[in-house]
Amino acid sequence: MEPDHNNGAEPFVNAGTTQNGTRNRGLFQWDLTGVIPQGATILSADVLFEVTKDPGCGIANSSFSLYRMLQPWGEGDKVALDNGGGRGAPATAGDATWNDRFFGSSPWATPGGLAGVDFAANPSGSQYIYDVGRSPYTFSSGPELVGDVQTWVNDPQSNFGWMLMSDDESTPFTARRFGSHEDPDHPPLLRIDFEVVPEPSVLILSAIGLIVFGTMTCRKSVLHRNPR
C-alpha cells in the first residue's frame, strides 16, 4: 500500500492481493556460503512456508510461485509503528521497497520488479495456498528449484534468492502472511539434499548430506504497492 515503505524486520512477509487491491510480493534468500561446498551436486531442494494469517473478512485461494531473482536487493530493518504492519514503515537508504531494490539508489526495472530483468520470467516452483490451518506449504523439488540452488552453489555471487508472488494478482483477498526468520515458530525452510564427490584418489565413496536451512540463514523483505 506504500510503495516507498519497507517491512524488513517484521516476523512475517506479505504476498498476494488484499481486499483493497494492494499487491504484495515477498523476497527470500538463504545464504549457502560455507555450508554446501562448491562442486557439490544438488539432488533435491524443497521450500517450505507457514501461513500465519489469512484475510479475516473474506478469502480467495490462489496458486503462488517462486521466481529466481536476477538482481540484488536490500532486506531493510523496518517495523511498522502506526499501522497493523502490512504497510511497513518509511524506507531509508538501501531498503527494498515496491519502487526500489535499494531505496534511494537502485530502482527496479519497473515498480515491483520486471520479469526477465529483475527476476526470471519462468517460475521455479508453484503451490496452491489456502488458509493457516493447512500449513506448512511445500514448494516441492523439481528441476527448476534444483537448478537454482545448483547455480548458487557453483556461483555464490549469483544468489539473490526468490520472489514469492500470487499467480492471480488481479483477485482481491488472496493476500497471506508467511512466517519470516524473525518468527521463531514459523520460519521459512529450505531443505536441500546434496552429494559431495571427493577426489577419486582420496576416497571411493561419495558423501550425501541433508541440510535444512531455517531461521538464521534466511533473509527476506516484502514489496507492496497501491491498488492499480
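Residues numbered from 1 in each chain as written. Predicted model: local features only at pLDDT ≥ 70, side-chain atom pairs only at ≥ 80, totals over all residues. Heavy atoms only, no water.

Next up on the list: the overall build of the protein. From N to C terminus, the protein includes one helix and 16 strands. For the protein, the residues scored as buried account for 48% of the 228 residues in total. Here the contacts in the protein between residues at least 6 apart in sequence split such that 78% fall between residues at least 24 apart. Of the roughly 10000 Å² that the protein leaves accessible, carbon and sulfur atoms contribute 53%. (Helix = DSSP H or I, 4+ residues; strand = E, 2+ residues; numbered from the N terminus. Buried < 20%, exposed > 50% of the residue type's maximum accessible area, 1.4 Å probe, protein only. Contact = heavy atoms within 4.5 Å. Areas by Shrake-Rupley, 256 points an atom, 1.4 Å probe, with all protein chains shown as cover.)

The next point concerns the pairing of strand E12 (residues 162–166). Summarising burial for E12: five of the five residues are buried, a large majority. Going residue by residue along E12, you find Trp 162, Leu 164 and Ser 166 tucked away on one face and Met 163 and Met 165 tucked away on the opposite face as well. Bridge analysis of strand E3 (residues 23–30) against E12 gives three bridges, and the strand direction is antiparallel. Within E12, the position partnered with Phe 28 by the bridge is Trp 162. (Pairing = 2+ DSSP bridges.)

Attention now moves to unusual backbone geometry. The linkage connecting Ser 135 with the following residue, Pro 136, adopts the cis geometry, with an omega of 0°. Here Pro 136 is to be found in the loop between strand E10 (125–129) and strand E11 (137–139). For Phe 173, which is not glycine, the phi torsion reads 70° and is therefore positive. Checked against the element boundaries, Phe 173 lands in the loop between E12 and strand E13 (176–179).

Moving on: the side chain of Thr 97. Checked against the element boundaries, Thr 97 lands in the loop between strand E7 (89–90) and strand E8 (100–102). Within the structure, the side chain of Thr 97 is placed 3.3 Å from the backbone oxygen of Pro 3, a separation counted as a polar contact. (Polar contact = N/O pair within 3.5 Å; in protein donor to acceptor, adjacent residues only side chain to side chain.)

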